[in-house]
Amino acid sequence: MELDNKIAGQLFTHLHRYFAECLTLTRQTMSECELCKSAHVIHPLLCQYCYDDLPLFSYQHFGFNLLNWPAIDKLFPQRSFEQLLCLAPYIAPFDQWLIDFKYQKRFELADLLGYLLAELWQKQVNEQQDVAILSVPIHLKKWQQRGFNQAHLIARAFNRRTKIPYLEQALRRTTYSKSQVGQSGKLRRKLLKNAFALSEEFDTLPSHIILLDDVITTGSTVNTLCKLLKLKGVKHITVLTVALTLPK
């Protein structure tokens, strides 16, 4: 009986993988590029030509760390993270994608952004041992109002493609505040004081944490979280984000 259950489990796993691959192929066949409407896509929303034209940061001279670029490093004084990986500046098409995702509830864009972040992550040589993903949390009240947390949805898509463990319940926001858009870094840091906590069941964390957010403006939020994680014994933090707002 136990052998039959094992065989049945293996068969179910095989069939699930087969149908998942068929579904992916079908989606790609029926989809079109978000930017040029071509049907020849590498992702259900993006073709190879438009992928090659994306305004992605070049890591050729920075060792897969934007903090090695002095102009970027000085944006984050007294930072508490060791690595910064970002797809692109906050410009088209990423700015519009993030706006459509957040305000028009185009949830399919979470998978596209997770796909692009996974492509970036997998280009670097990384053993991925003792590493886990965390996403920047929002307050429960804001989650109830909005219905979702965009960083969480992108992190889930990133997790599906990289297979890196995602500790989605590890971080929580303990204080509620209105949108921080347009606020100075100093005011943001004041509002973020004691704004986050680590859930009790995650008292021990991996030595390497990937902290994922959708966009970084001043870096105050991620840096506050990084300080908390360092107090909990995390040795290395990679901040991973879709877009970075650069000073004008």
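Rules and cut-offs
- Throughout this description, residue numbers start from 1 for each chain and increase along the sequence as written.
- In keeping with the predicted nature of the model, local features appear solely for residues at pLDDT of at least 70, side-chain atom pairs appear and are counted solely at 80 or more, and the whole-chain, interface and lining totals rest on all residues.
- With hydrogens and water excluded, all non-hydrogen atoms of the structure serve as input to the side-chain values.
- Think of it this way: any DSSP run of H or I at least four residues long counts as a helix, any run of E at least two long counts as a strand, and we number them from the N terminus.
- Residue count minus one, scaled by 1.5 Å, sets the expected span of a helix.
- When a residue's accessible area, from a 1.4 Å probe over protein chains only, is under 20% of the maximum for its type it is buried; when over 50% it is exposed; and in between it is partly exposed.
- Residue contacts are defined here by distance: any two heavy atoms, one from each residue, within 4.5 Å place the two residues in contact.
- For the purposes of these results, a polar contact is taken to be a pair of N or O atoms within 3.5 Å, where, inside protein, one atom must be able to donate a hydrogen and its partner to accept one; residues adjacent in sequence count only when each atom of the pair is a side-chain atom.
- The pairing test for Phe, Tyr and Trp rings, Trp by its six-membered ring, is centres within 6.5 Å, and the orientation test on the planes gives stacked under 30 degrees, edge-to-face over 60, and tilted for anything in between.
- Salt-bridge detection follows one rule: a side-chain nitrogen of Lys or Arg within 4 Å of a carboxyl oxygen of Asp or Glu.
- In this count, Lys and Arg are taken as positive residues and Asp and Glu as negative ones, while His and the chain termini are left out.

Digging into helix H7 (residues 150-162)
Then comes step 1: In this model, H7 (13 residues) spans 18 Å end to end at C-alpha, consistent with the 18 Å of a helix rising 1.5 Å per residue.
Then comes step 2: Inspection of H7 places Gln150, Ala151, His152, Leu153, Ile154, Ala155, Ala157, Phe158 and Thr162 among the buried residues, and these make up the whole buried set.
Then comes step 3: Elements in contact with the buried residues of H7: helix H4 (94-103), helix H5 (108-123), strand E4 (131-135), helix H6 (140-146), strand E7 (208-216) and strand E8 (236-244).
Then comes step 4: Residue Asn149 occupies the N-cap position of H7, its side-chain oxygen lying 3.2 Å from the main-chain nitrogen of Ala151.
Then comes step 5: Positioned one or two residues after H7, Lys163 has a phi angle of 65°, which is positive.

Thoughts on the packing of aromatic side chains
Then comes step 1: Using the criterion set out here, one finds 9 aromatic pairs in the structure.
Then comes step 2: With a centroid separation of 5.6 Å and an interplanar angle of 5°, the aromatic rings of Tyr59 and Phe64 are classed as stacked.
Then comes step 3: For Phe64, a relative accessible area of 23% translates into the label partly exposed.
Then comes step 4: Between Phe101 and Phe107, the aromatic rings sit 6.5 Å apart at their centres with planes inclined by 90°, giving edge-to-face as the arrangement.
Then comes step 5: The exposure class of Phe101 is buried, given its relative accessible area of 1%.
Then comes step 6: These aromatic residues form a ring-pair network of at least three members: Phe57, Phe62 and Trp69.

What to know about the side chain of Asn223
Then comes step 1: Residue position: Asn223 is located in helix H9 (residues 220-231).
Then comes step 2: Dropping the residues within four chain positions of it, Asn223 is found in contact with Gln78, Arg79, Ser80 and Phe81.

Examining the pattern of salt bridges
Then comes step 1: For the structure shown, the criterion picks out 7 salt bridges.
Then comes step 2: Of the charged contacts in the structure, one is a salt bridge between Arg79 and Asp73, with a shortest N-O distance of 2.9 Å.
Then comes step 3: A relative accessible area of 32% means that Arg79 is categorised as partly exposed.
Then comes step 4: Asp111 is paired through a salt bridge with Arg161; the nearest N and O atoms lie 3.2 Å apart. One end of the pair, Asp111, is in helix H5; the other, Arg161, is in helix H7, and 50 residues separate them in sequence.
Then comes step 5: Taking the relative accessible area as the measure of exposure, Asp111 reaches 14% and is therefore buried.
Then comes step 6: Judged by its relative accessible area of 34%, Arg161 is partly exposed.

Observations regarding the side chain of Arg146
Then comes step 1: Along the polypeptide, Arg146 turns up in helix H6.
Then comes step 2: Look at Arg146: it is buried, it has no salt bridge, and the nearest opposite charge is Asp214 at 6.6 Å.
Then comes step 3: For Arg146, the side chain forms a polar contact with the side chain of Gln150, separated by 2.7 Å.

Describing H9
In an α-helix, one full turn covers 3.6 residues, which means residues spaced three or four apart are oriented alike.
Then comes step 1: End to end, H9 covers 17 Å across 12 residues, agreeing with the expected 16 Å (1.5 Å per residue, within 8%).
Then comes step 2: Among the residues making up H9, those that are buried are Ser220, Thr221, Val222, Asn223, Leu225, Cys226, Leu228 and Leu229.
Then comes step 3: The first or second residue beyond H9 is Gly233, which carries a positive phi of 100°.

Details of the environment of Cys33
Then comes step 1: Among the secondary structure elements, Cys33 is positioned in the loop between helix H1 (2-30) and strand E1 (41-43).
Then comes step 2: By relative accessible area, Cys33 is classed as buried at 0%.
Then comes step 3: Sequence spacing of Cys33 and Cys50 is 17 residues, and the spatial spacing of their C-alpha atoms is 8.0 Å.
Then comes step 4: Setting aside anything within four residues of it in sequence, one finds Cys33 in contact with Ser38, Val41, Leu45, Leu46, Cys47 and Cys50.

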